[in-house]
Amino acid sequence: MHDNPQPSSGQAFALPGHRVIELSGRDAATFAQAQFMNDVNALASGQWQWSGWLTPKGRVIALMALLRLADERIWLLLPDADPESVVTALKRFLFRSKTTIVVRDDLRAFGHYAAPQAAVGATLAGEETTGVELDYRGDGDARALRIAPGQAAGAEDPVRAARWALDDLRHGLPRLGPSQIEQWTPQQLSLERLRAFSVKKGCYPGQEIVARTHFLGKAKRGLALIESPHSVAVGAELRSHDAVLGTIAASASAGDRHLALAVAPLERAEGGLSLDGHTVAEIALLDGLAR
């Protein structure tokens, strides 16, 4: 990784719910390649990618930013999942793998509403002691995310943290709460938009389902970005003409703006949409590619 981006005074704020898991040891990259849905072997040291962990039936257990710091060291940044539960579950698959998996309780994530100081695209910047920066630009405002020791600059700011969650949804990143774990396939969450899974890398849990859906063109549902005049409950039914059209997989509110990501048919008739009896507007069908 190059350069050491220094946090600008007053610009950093804590991102609640973001936790870091570390994989280290001789077989760390091999273990990650076998378990996670993106191609870790194609990722150079000092780079990152979106990825996830699936059930054998191809349902998403956790979404993550996977950072390959070195050949024998990987960080998983989980926006919402319980890291202790994920670590416990991952350890069941270690067998003879020379890999250590731990929750890094000393590390926290901080957001910046500004262009990254040194990180570019998939290339990280910085060091663990001073902070590792990710280029988080996508649809919407320029953003940078920093993983640093807990005492690093970055105050609690609920207003900006709420705006960050809203912008994650605008970007097409579904923030999956506990009720949505193991509910959706990568294609239903439109994760091709984030290049978050591979259909060519070989075996991993759920790979057969993901590849079959991709190559046979059987993805019938994806994410629709919805705006509502009221806060939206995860799991709520999106309706059209009094029929259930889809389900809310993620939602966020900042001030008087309320957004949600609904898993809905990719091909459907146009018509009025409603949630809990309130009329809502569809902003976009998130089937294109972002970062």
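Located above this text is the structure these notes cover.
What you see is a predicted model, and the numbers here were worked out from it, not measured in a lab.

## Comments concerning the overall build of the protein chain
1) Next: Looking only at helices and strands, the protein chain has 4 helices and 16 strands in total.
2) Next: Over its C-alpha atoms the protein chain spans a radius of gyration of 19 Å, differing by no more than 12% from the 19 Å that the globule rule assigns to 291 residues.
3) Next: Oriented by its inertia axes, the alpha-carbon framework of the protein chain measures out at about 55 × 45 × 30 Å.
4) Next: Here the protein chain holds 291 residues, and the buried ones make up 52% of them.
5) Next: Counting contacts in the protein chain only where the partners sit at least 6 residues apart, residues at least 24 apart contribute 70% of the total.
6) Next: One way to put it: in the protein chain the 31 positive side-chain charges average out to a point 6 Å from where the 33 negative ones average out.

## Brief notes about the sheet that holds strand E5 (residues 73-78)
1) Next: The antiparallel open sheet is built from 5 strands, whose spatial order is E3-E4-E5-E2-E6. One side of each edge strand has no neighbouring strand; the edge strands of this open sheet are strand E3 (47-54) and strand E6 (100-103). Each neighbouring strand pair of the sheet contributes to a mean axis angle of 25°, computed without reference to strand direction.
2) Next: Looking at chain direction, strand E2 (residues 19-24) and E6 are connected through 4 bridges and run antiparallel. From the neighbouring strand, leucine 23 faces E6, where its bridge partner is isoleucine 101.
3) Next: Sheet contacts for helix H2 (residues 83-91): E2, E3, strand E4 (60-70), E5 and E6; angle to E6, the most-contacted strand, approximately 170°.

## Comments concerning the pattern of salt bridges
1) Next: Under the criterion given, the structure shown has 18 salt bridges.
2) Next: Between arginine 68 and aspartate 71 there is a salt bridge whose closest N-O contact spans 3.7 Å.
3) Next: On the basis of relative accessibility, which here comes to 9%, the residue arginine 68 falls in the buried class.
4) Next: Between arginine 104 and aspartate 106 there is a salt bridge whose closest N-O contact spans 2.7 Å.
5) Next: Because the salt bridges share partners, they merge into one network encompassing Glu22, Arg73, Arg104, Asp106 and Glu128.

## Considering the side chain of asparagine 38
1) Next: In this structure, asparagine 38 sits in the loop between helix H1 (28-35) and E3.
2) Next: In contact with asparagine 38, not counting residues within four places along its chain, are Gln33, Gln49, Trp50, Ser51, Arg195, Ala196, Phe197, Ser198 and Lys201.

Basis of the calculations
Residues numbered from 1 in each chain as written. Predicted model: local features only at pLDDT ≥ 70, side-chain atom pairs only at ≥ 80, totals over all residues. Heavy atoms only, no water. Helix = DSSP H or I, 4+ residues; strand = E, 2+ residues; numbered from the N terminus. Rg over C-alpha atoms; globule rule 2.2 N^0.38 Å. Buried < 20%, exposed > 50% of the residue type's maximum accessible area, 1.4 Å probe, protein only. Contact = heavy atoms within 4.5 Å. Lys, Arg positive; Asp, Glu negative; His and termini not counted. Charge placed at Lys NZ, Arg CZ, Asp CG, Glu CD. Pairing = 2+ DSSP bridges. Axes fitted to C-alpha atoms, helices over the stretch in contact; angles between N-to-C directions. Salt bridge = Lys/Arg side-chain N within 4 Å of Asp/Glu carboxyl O.

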